[in-house]
Structures are given as structure tokens and as C-alpha cells.
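# Inside the fold
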Amino acid sequence: MEIIDFHAHIYPDKIAEKASRSVGEFYSIPMEKVGSVEALFQSGDPVGVGRYVVQSVATTPHQVASINNFISQVCREHPDRLIGFGTLHPQMENPVAEVERCIQLGLHGIKLHPDVQQFYMDDPALFPVYEAAQGRLPFLIHCGDYRYDYSHPRRLAHILDEFPKLDVVAAHFGGWSLWDLAMEYLLERRCWLDTSSSMTFLGKVRTKEIIRAYGADRIVFGDDFPMWDHGAEIRELLSLGLTEEEYEKIFSENAKQILGLSEGKDGHP
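Source: prediction; values computed, not measured. (Residues numbered from 1 in each chain as written. Predicted model: local features only at pLDDT ≥ 70, side-chain atom pairs only at ≥ 80, totals over all residues. Heavy atoms only, no water.)

## Side note on the overall build of the chain
Looking only at helices and strands, one finds 11 helices and 8 strands in the chain. In terms of C-alpha radius of gyration, the chain reaches 17 Å, essentially the compact-globule figure of 18 Å for 269 residues. Each principal axis of the C-alpha distribution contributes one length, and for the chain these read about 50 × 40 × 40 Å. Counting over 269 residues, the chain shows a buried share of 57%. (Helix = DSSP H or I, 4+ residues; strand = E, 2+ residues; numbered from the N terminus. Rg over C-alpha atoms; globule rule 2.2 N^0.38 Å. Buried < 20%, exposed > 50% of the residue type's maximum accessible area, 1.4 Å probe, protein only.)

## Comments concerning empty space enclosed by the protein
A full pass over the atoms with the stated rule returns 1 cavity of 30 Å³ or more. There is about 40 Å³ of room inside the largest cavity. Across the lining of the largest cavity, the residue classes tally to 7 nonpolar, 1 polar and no charged. (1 Å grid on protein atoms, 1.4 Å probe; cavity = no way out; pocket = protein on both sides within 12 Å on 5 of 7 lines; lining within 4 Å. Points joined across faces, edges and corners; volume = space filled by probe spheres on them. Nonpolar A, V, L, I, M, F, W, Y, C, P; charged D, E, K, R; others polar.)

## Quick look at the nonpolar core
Membership of the largest hydrophobic core comes to 74 residues, with the highest contact counts inside it found for V54, L82, Y130, F139, L156, L186 and L237. Of the residues forming this core, the biggest block, 6 residues, is contributed by helix α3 (residues 64–77). Here L156 is in contact with M121, I141, C143, V168, A170 and L186, once residues within four sequence places are set aside. (Core = buried A, V, L, I, M, F, W, Y, C linked by side-chain atoms within 4.5 Å. Contact = heavy atoms within 4.5 Å.)

## Regarding the layout of surface pockets
The space that makes up the largest pocket amounts to roughly 730 Å³. Where the lining of the largest pocket is concerned, the elements lending two or more residues are β1 (3–9), α1 (13–27) and α3. Considering only residue class, the lining of the largest pocket consists of 19 nonpolar, 11 polar and 3 charged.

## Here's the deal with the confidence of the model for the chain
Here the chain shows a mean pLDDT of 95. Residues at 70 or above account for 97%. Note that pLDDT drops below 50 for residues 264–269; the model gives that stretch 12 contacts with residues more than four away or on any other chain. (pLDDT = per-residue confidence, 0-100.)

## Regarding the sheet that holds strand β3 (residues 82–87)
Strand order in the open sheet made by the 8 strands is β1-β2-β3-β4-β5-β6-β7-β8, with parallel pairing throughout. Every other strand in the sheet has two partners, leaving β1 and β8 (219–220) as the edge strands with one partner each. Two strands pair when backbone bridges link them, and β1 and strand β2 (residues 49–55) are joined in this way by 5 bridges, in the parallel orientation. Bridge assignment links I4 to a residue of β2, and that residue is R51. (Pairing = 2+ DSSP bridges.)

## Observations concerning the packing of helix α8 (residues 179–186) against helix α9 (residues 199–214)
Close contact between α8 and α9 brings their axes to 12 Å; oriented N to C, the two are set at 5 degrees. One finds that α8 runs roughly parallel with respect to α9. Contacts between α8 and α9 involve W179, D180, A182, M183 and L186 from the former and F201, L202, R206, I210, A213 and Y214 from the latter. Of the residues belonging to the contact of α8 with α9, the class tally is 9 nonpolar, no polar and 2 charged. (Axes fitted to C-alpha atoms, helices over the stretch in contact; angles between N-to-C directions. Parallel < 35°, antiparallel > 145°, perpendicular 65-115°, else oblique.)

## Considerations on helix α4 (residues 95–104)
Residues of α4 that are buried: P95, E98, V99 and C102. Looking straight down α4, one finds that the buried residues subtend no more than 110 degrees of arc, so they occupy a single side. Each element contacted by the buried residues of α4 is listed here: α3, β3, β4 (109–112) and α6 (127–133). After α4 finishes, the residue G106 shows a positive phi value of roughly 85 degrees. (Arc of directions from axis to C-beta.)

## What about unusual backbone geometry?
The omega angle of the peptide bond from F225 to P226 is 5 degrees, so this bond is cis rather than trans. Note on placement: P226 falls in the loop between β8 and α10 (230–238). We note that F173 has phi near 55 degrees; this positive angle belongs to a residue other than glycine. A positive phi angle, close to 65 degrees, is found at D224, a residue other than glycine. Examined against the element boundaries, D224 turns out to sit in the loop between β8 and α10.

Here it is in C-alpha cells:
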């Protein structure tokens, strides 16, 4: 079965260990791996991951250009394995121009992390960014955290109402640590959700209930590397006893639709 990991973080080798440790400290969760490209392949390849959607998050405006250049470069070095998502920062001088540059760099989407970047995802100041990307680049947005309001699922619902053609994958089943609230706000809206950093906390029964509630057409597999080990996450998902058709959609078919990799598909749920 083809497997695409829709949620993987990578960093330049010289800072990979420090950056990975910093993410772990933010969540008080020990990191399973170090976020280098080599470690990514070592984690996912042995268990059948064929392609990875890779990204990094700019914590300051001046990091944006260098991160996007790095992601673009490593994707050019591994064109059959890596699919790059760019980053933006709400305080940068011209984020709309960076959307255009992401396209020129060959990046396939944009990753936002409102909690780490400390902005409200539905701030009207970001609406020109969503407008510029609508119909052109999908977003992967971190959603949910009981400690913050920046990424609350209701804010994503607001964005989806304002931009009905915007393609968004809501990370962590739409609301890390706020999964029930995520269902309240996102169940009937047009978006996808990834499985990352959730199954360990939800358990098998609740994870399966959530997948069935949204429908397998809306779920993509994500590991949140280097947070978790690919083998453990894939085994956990396979243990749920979903149908073969559901697994095919979750592991690859939905991702290919979102990324425009499927012939005859329009990328819409």
C-alpha cells in the first residue's frame, strides 16, 4: 500500500538536533527522532513510506526566506521523495509576495503554526494571504491546544467560511487536545484533517470514531516527524481495523488529491 506522510518537519543538519529538542520542550514531549532528512528516511522508509510532505516553521519574520529556500533545495535534491511546504510569518513585511515566491520555488503548499508563531489564524490581516493562496496552494495548519487560543478550531471555521475554496488540512484531527471541540466546529465544513500527534492520546476506540465521523475521504496520514516514530504510528493506524478502501484513502489517495497528484481529480473533498 502506498504511504504518503503529510506532516513531517525537517531542518538543516547543523541545527536539526537543537530545533527538534526545542519543539519537544514546547509540548513537554520527548522527541523520538532528530529532524534531519537522513533521519526522516531512516524512520519512514523501512515501514513503507514512499513520499513525505516536509516543512518547517518560521518563529521570526527573518527566518522565512531561508527556510523556504532550504525546503525548496532539499526537495529538488529528492524530487521523487519530498514534497515541500513553505512557511510564512504574520509579521513579515509582505507575506502575499512570499506566497508568490513559494510557487516560484516549486513548493506545493504552506504550513502555519499559530501557537508557535503567536498569531490568531483568523486575524483579518492574514485574509490577503488566504485570498492569494485560494485555489493555488493548500495550507497545513496546526489546530488546537488547551493552553492557547491562537489555533482554536472555531478560528479555522471562520477562515473556511470566509474562503470557501481554500484547501486546508487541519493538523491533529483538527484540534490537538481539543478533539471534541474540533468536531463541533469542523464536522460540517470543507476541510481535511491529519492523524498526527493524536492517536497516542485518543486511544483506538476514539480515534476510529473520529475517523468514521468525518469520513475517510477527509483524513490524511501524518506522523509529525520527528515527534513520533513512523513504524509505531502506522501500526497504530492499521490496528484500528478500517477497510482497505479507507486505508488507501488515508495513506495516499486523499493526499494526492490535495496536492494535485491524481489525474482527473480536482483536489476537493
